[in-house]
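Coordinates in review
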Amino acid sequence: MSNLGMSMLCLAVCYILVTWVGIGHTIFNVKVLHMKSMKEGPGMGEAYEKTKPWHPLYNIILFPVFGYIYMHSLANPTMTEALLTGCIWAVISIIVDLVGWVLIKHPWRLTFKQFYVEYQPWITLIYIAIFLGPVIGFLFVK
């Protein structure tokens, strides 16, 4: 990896941004569309459940932007670099998701089954989007 620091910065900023977009979407569903929150319904609530199909879209829009930023920061961007970066970003995201959304106890915690089985096909599409982010970004740099 040519610039590990910049790569990790792009990943972290984008991961946090995607998370906040999802939270904002859920809040919008509660406040504006008057859907049930997790306080009012079973599980994560209707407001969150209705955002799930949108999660891959947030990722496929935002990760290529940050993939472009990263690839543009390199003196000699290559497809190999983009593929390696996509692999690293996807693996790190999978680990952070496991720790942050499954293992650590908090109000929005999900079980392994909820996150990796019941959240299909969305979670798989999200990880594909994260992997493709630097690749798509590379295509716009060239």
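To keep things clear, this report deals only with the structure shown in the data block. (Residues numbered from 1 in each chain as written. Predicted model: local features only at pLDDT ≥ 70, side-chain atom pairs only at ≥ 80, totals over all residues. Heavy atoms only, no water.)

1. A closer look at the packing of helix 1 (residues 4-31) against helix 3 (residues 55-73)
Taken N-terminus to C-terminus, the directions of helix 1 and helix 3 make an angle of 160°; their axes are 10 Å apart at the nearest point. The angle between helix 1 and helix 3 places the two elements in the roughly antiparallel class. In the packing of helix 1 onto helix 3, the handedness of the crossing is right-handed. Counting all contacts with helix 1, which are made through Met6, Ser7, Cys10, Leu11, Val13, Cys14, Tyr15, Leu17, Val18, Val21, Gly22 and His25, the residues of helix 3 involved are Tyr58, Asn59, Leu62, Phe63, Phe66, Ile69, Tyr70 and Ser73. Per-class residue counts for the contact of helix 1 with helix 3 are 15 nonpolar, 5 polar and no charged. (Axes fitted to C-alpha atoms, helices over the stretch in contact; angles between N-to-C directions. Helix = DSSP H or I, 4+ residues; strand = E, 2+ residues; numbered from the N terminus. Parallel < 35°, antiparallel > 145°, perpendicular 65-115°, else oblique. Left-handed = near helix turned anticlockwise from the far one by under 90°. Contact = heavy atoms within 4.5 Å. Nonpolar A, V, L, I, M, F, W, Y, C, P; charged D, E, K, R; others polar.)

2. Description of the environment of Thr51
Within the secondary structure, Thr51 is located in the loop between helix 2 (46-49) and helix 3. Residue classification places Thr51 among the buried residues on the basis of a relative accessible area of 0%. Distance in space between the C-alpha atoms of Thr51 and Ala12 is 22 Å, their sequence separation being 39 residues. With near-sequence residues (within four places) excluded, Thr51 lies in contact with His25, Thr26, Asn29 and Tyr58. (Buried < 20%, exposed > 50% of the residue type's maximum accessible area, 1.4 Å probe, protein only.)

3. Remarks on the nonpolar core
Core analysis: the largest hydrophobic core is formed by 26 residues, its most contacted members being Phe63, Trp89, Phe115, Tyr127 and Ile130. Elements represented by at least two residues in this core include exactly helix 1, helix 3, helix 4 (79-103), helix 5 (112-116) and helix 6 (122-141). Excluding residues within four positions of it along the chain, Phe63 makes contact with Leu11, Cys14, Tyr15, Val18, Trp89, Ala129, Ile130 and Gly133. (Core = buried A, V, L, I, M, F, W, Y, C linked by side-chain atoms within 4.5 Å.)

4. A closer look at unusual backbone geometry
Residue Pro121 follows Gln120 across a cis peptide bond; omega there is 0°. Relative to the elements of secondary structure, Pro121 occurs in the loop between helix 5 and helix 6. Positioned with a positive phi, His34 is a non-glycine residue whose angle comes to about 55°. One can find His34 in the loop between helix 1 and helix 2. What makes His34 exposed here is its relative accessible area of 65%.

5. Comments concerning the pattern of salt bridges
Throughout the structure, instances matching the rule amount to 2 salt bridges. A salt bridge links Glu49 to Lys52, with the nearest nitrogen and oxygen atoms 3.0 Å apart. Among the residues examined, Lys52 registers a relative accessible area of 12% and is labelled buried. The residue Glu118 makes a salt bridge to Lys113 at a minimum N-O spacing of 3.9 Å. When its relative accessible area of 45% is taken as the criterion, Glu118 is described as partly exposed. Judged by its relative accessible area of 51%, Lys113 is exposed. (Salt bridge = Lys/Arg side-chain N within 4 Å of Asp/Glu carboxyl O.)

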